[in-house]
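Spelled out from the first residue to the last, the chains are:
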Amino acid sequence: MRELAAVWQNLDPRRRLTVAVATIAMFAAVLALTGLATKPSMSLLYAGLDGDRAGDVLAALDQRAAVYEVRGTAIYVEATRRDELRMTLAAEGLPANSGSGYELLDTLSGFGTTSQMFDAAYLRAKEGELARTISALPQVRAARVHIADTRAQGLHNRARPTASVTVTTTAGGITPSHAKALKYLVSSAIAGMSPDDVSVIDGEGGLVMAGDEATGPAAEDRAETLRRNVERLLEARVGFGNAIVEVSLETVTEREAITERRFDPDGRVVISTDTEERTTSANDSGSSAVTVASNLPSGDADGTAGSSQSQNSETRERTNFEVSETTREVVKSPGAIKRLTVAVLVDGVTSVDAAGASTTEPRSDDELTALRDLVAAAVGFDADRGDVITLKSMSFEPVVPVQTEAGSSLLAGLDIMSIAQLAVLAVVSLVLGLFVVRPILSSRGQRPAELEAPAVRGLPPGKAEALTGEIDDGDYVPANLSVVSDRDAAAAAADPVARLRQMISERQEETVEILRGWMEDSEEERA
């Protein structure tokens, strides 16, 4: 402690301030590192919980005095207690499901429950069960289902049931195929509902067109599938990376319904036959009526005439035929291919001549024709539809590597927290060495300068021996001493101790340096 105090006394104010600041910074860094070292590592407990369920989980963690951190919608706990807390919370039913299902009906009793209350509770239970089922899908983070109340009320008949589904996925939206599956899921769970009566809305707030209504994403998926198939087919011949394929697919976007009725006159079928026969007969035996002829002298005065007879027969037949009729209804849904365009770029053939120079030449026409036939067969080429296939052979530009191959890094196995701790420790060590240890060692290593020996009689100046601390009882009198009286000189000559005291009082600085040198020598001998 005396040595440190002496070193501190020898430092100037500026260096004292530097040492003090470095010491405080060192202690602060040590405390910070100690806190980081003693802080437990956190691990993910639950993520993606809504407000109510997250609040229940946090309340349960507070009851168990568990250390946790909330980062957005995620809850982190100590890594050593994560599995224990998960099992304990699961035993208590936490985190709760996103919605209540059929357990709502358990709270209803026969007393005080009307039919309207039971119907409303049943509707809520149905919505909760459907939301649970949809939320159990891997890509779905949250789901809500709303079913329209279509009960008969008063004079209004029961309406057609409809429903809507809102889905929030973990990343991006949902595909039309998934939306179609959700439509069938909801419509199958509700009596009298068809898939067309269900609307699906993704997390981005857009209506997802499913099934036959989907035109955009489905066309893109089909074009990508065709592109991969053609590229894989060409790479088997020209090599990997030597063929670039682009497919443009134009699909039908409108819906068309055609109803057609055809009659076949040759395809007649007799369904009924009616036959009708009529026969009529008439007999005329004369008439006794008076006529002009009967008054003439030469006439028929006797009034007699001849008889006549007639007979008629008629047959009528009616046949009913059923003419063959064909009724056909054709519905053309969106998604059919209207036009297909394929562009293929193939790298040329690289050859090396005798001099060792490499040259790239386009592929032959026969090979390009064969490749075009393969592409046409792979994409289903139809010339009547207006499809176009363009295949060219050109030399590709060489790819220049951006950087050399990366080797294994020394810090590859360290995480960010470990790197930060090492950096802080290195800074603290550097500050400690530069501003604390180095000043102390440099101050301790400075030896006091030896006093120049006074001139001695018989020796040249500068060659006299330095002061060694020994008292010379001879007749040597140091030079440059203050003049003392004869009384004081006689007293000093008579008493050597008084003489030493007088020299110490006159030369205090040299004496202090001599005593300090004695103390350092004695401590080094003891060490």
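Parameters and conventions
- Residues numbered from 1 in each chain as written.
- Predicted model: local features only at pLDDT ≥ 70, side-chain atom pairs only at ≥ 80, totals over all residues.
- Heavy atoms only, no water.
- UniProt positions renumbered as here; feature names shortened; annotations may be inferred.
- Helix = DSSP H or I, 4+ residues; strand = E, 2+ residues; numbered from the N terminus.
- Buried < 20%, exposed > 50% of the residue type's maximum accessible area, 1.4 Å probe, protein only.
- Contact = heavy atoms within 4.5 Å.
- Areas by Shrake-Rupley, 256 points an atom, 1.4 Å probe, with all protein chains shown as cover.
- Core = buried A, V, L, I, M, F, W, Y, C linked by side-chain atoms within 4.5 Å.
- Pairing = 2+ DSSP bridges.
- Axes fitted to C-alpha atoms, helices over the stretch in contact; angles between N-to-C directions.

The chain has the name Flagellar M-ring protein in an unreviewed UniProt entry, where Albidovulum litorale is given as its organism. UniProt lists a comment for the chain under the heading Sequence similarities (unreviewed entry), and it reads "Belongs to the FliF family." Among the UniProt annotations of the chain, the heading Function (unreviewed entry) holds the following wording: "The M ring may be actively involved in energy transduction."

Colleague: Account for the overall build of the chain, with residues named and values stated.
Modeller: Secondary structure assignment for the chain yields 12 helices and 13 strands. For the chain, the residues scored as buried account for 20% of the 527 residues in total. A separation threshold of at least 6 residues defines the contact pool for the chain, and within that pool the share at least 24 residues apart is 69%. Of the accessible surface of the chain, which amounts to about 37500 Å², a share of 54% is contributed by carbon and sulfur atoms.

Colleague: Account for the nonpolar core, naming residues and giving values.
Modeller: Core analysis: the biggest nonpolar cluster contains 20 residues, and L234, V342, V344 and V375 have the highest contact counts within it. At the level of elements, α7 (216–238), β7 (243–251), β10 (337–346), α8 (365–379) and β13 (388–393) are the ones that each hand at least two residues to this core. When residues no more than four places from it in sequence are discounted, the contact partners of V344 are L234, I244, V245, V375, T390, L391 and K392. Listed in part, the 19 residues of the second largest apolar core include A131, V167, L182 and V198.

Colleague: I'd love a proper account of the sheet that holds β7, names of residues and values included.
Modeller: Across the sheet, which stays open at both edges, the 3 strands sit in the order β7-β10-β13 with mixed pairing between neighbours. Taken across any chain shown, the strands that pair with only one partner, and hence form the sheet edges, are β7 and β13. In this sheet, adjacent strand axes meet at a mean angle of 5° when their direction is disregarded. As paired strands, β10 and β13 are joined by 6 bridges and run parallel to one another. Within β13, the residue paired with V342 across the bridge is I389. Here α8 sits on the sheet in contact with β10 and β13, set at roughly 145° to β13.

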